[in-house]
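# Examining the three-dimensional arrangement
Listed below are the residues making up each chain.
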Amino acid sequence: MGPKYLIIKKGEHGALLFHENQVFVAPALPLEEVFDPTGAGDTFAGGFIGYLAKTGDISFENMKTAIIVGSALASFCVEKFGTTRLKEITKEDINQRVQQFRELTNYQAELS
């Protein structure tokens with residue numbers, strides 16, 4: 001009983017994805033300036049669901065990517081008023097923003 005997946009959107013603090021005993025934590029992308037946060041959550045949801053619909057894959061691993069895509073789109077949304085910024089971006093802009101998330105969250109360390 002209950003949902004198989006749970007996503008908690010934490011606004012400017014990112015998002016959490018839960019599935020069975022797995023947890024994925026995605027930060028929000030730090031921006032120098034937030035012009036208008038209105039619609040960022042809706043943009044996140046649209047990007048997340050749109051990515052899942054495009055790929056047809058609702059696995060935990062693919063949902064992690066969908067969260068990053070949704071977060072990347074939401075980070076554009078807050079840069080200008082309303083949907084203005086979203087109408088200006090290209091697929092390459094989105095790919096670059098997703099890469100910024102990779103760089104922000106990729107951590108490899110070897111302890112000696």
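Residues numbered from 1 in each chain as written. Predicted model: local features only at pLDDT ≥ 70, side-chain atom pairs only at ≥ 80, totals over all residues. Heavy atoms only, no water.

### Quick word on the side chain of N62
Selection rule: Numbering of helices and strands runs from the N terminus; a helix is a DSSP stretch of H or I covering at least four residues, while a strand is a stretch of E covering at least two. When accessible area is computed with a 1.4 Å probe and restricted to protein chains, residues below 20% of their type maximum are described as buried, those above 50% as exposed, and intermediate ones as partly exposed. The term polar contact refers here to a pair of N or O atoms within 3.5 Å; inside protein, the definition further demands a hydrogen-donor-capable atom paired with an acceptor-capable atom, and it admits residues adjacent in sequence only when both atoms are side-chain atoms. Any pair of residues with heavy atoms lying within 4.5 Å of one another is described as a contacting pair.
When you line up the elements, N62 lands in helix α2 (residues 60–77). According to the relative accessible area criterion, N62 is buried, its value standing at 10%. At 2.8 Å, the side chain of N62 and the backbone oxygen of D57 are in polar contact. Residues within four places of N62 in sequence aside, it is in contact with Y51, L52, T55 and D57.

### Describing the packing of aromatic side chains
Any pair of aromatic rings gets described here by the distance separating the centres and the angle formed by the planes. Which entries qualify depends on this criterion: Only centres within 6.5 Å qualify two rings of Phe, Tyr or Trp (six-membered ring in Trp) as a pair; their planes then separate them into stacked at under 30 degrees, edge-to-face at over 60, and tilted for everything else. Counting as a charge over the ring demands two things of the Lys NZ or Arg CZ atom: a distance within 6 Å of the ring centre and an angle within 35 degrees of the ring normal.
Enumeration according to the criterion identifies 1 aromatic pair in this entry. Taking the centre distance of 6.1 Å and the plane angle of 15° together, the rings of F44 and F48 count as stacked. Taken together, the residues F44 and F48, both in helix α1 (residues 40–55) and 4 residues apart, mark about one turn of the helix. Of the two residues examined, F44 and F48, each falls in the buried class. The ring of F44 carries K9 above its face, with NZ or CZ at 5.0 Å from the centroid. Above the face of the F76 ring, R97 is positioned so that its terminal group lies 3.9 Å from the ring centre.

### Things to note about the layout of surface pockets
Which entries qualify depends on this criterion: Only protein atoms enter the calculation, which uses a 1 Å grid: trapped sets of points that fit a 1.4 Å probe without letting it out are cavities, open sets showing protein on both sides within 12 Å along at least five of seven lines are pockets, and any residue with an atom within 4 Å of a point is a lining residue. Grid points are joined across faces, edges and corners, and a volume is the space filled by probe spheres set on the points. By the convention adopted, Pro, Cys, Tyr, Trp, Phe, Met, Ile, Leu, Val and Ala count as nonpolar, Lys, Arg, Asp and Glu as charged, and the other residues, Gly among them, as polar.
By volume, the largest pocket amounts to about 500 Å³. Going through the elements one at a time, α1, α2 and α3 (91–105) are the ones with two or more residues in the lining of the largest pocket. If you tally residues by element for the lining of the largest pocket, the top one is α3, at 7 residues. Partitioned by chemical class, the residues of the lining of the largest pocket number 8 nonpolar, 6 polar and 5 charged. Here the second largest pocket is characterised by a volume of approximately 340 Å³. Residue lining of the second largest pocket: 19 residues in total, with G11, E12, A28, A40 and V78 positioned closest to the centre. At the level of elements, α1 and α2 are the ones that each hand at least two residues to the lining of the second largest pocket. In terms of residue class, the lining of the second largest pocket is built from 12 nonpolar, 5 polar and 2 charged.

### Some thoughts on the sheet that holds strand β3 (residues 22–26)
Selection rule: Two strands are said to pair when DSSP picks up at least two bridges between them. Angles shown run from 0 to 180 degrees and are taken between the N-to-C directions of axes, each axis being a line fitted to C-alpha atoms and, for helices, limited to the stretch in contact.
Taking strand neighbours across the sheet as the criterion, the 3 strands line up as β1-β2-β3 in an open arrangement whose pairing is antiparallel. Edge positions in the sheet fall to β1 (5–9) and β3, since each has one partner strand and no second. Sheet twist, expressed as the average angle between the axes of neighbouring strands with direction ignored, equals 10°. Across 5 bridges, β1 lies against strand β2 (residues 15–19) in antiparallel orientation.

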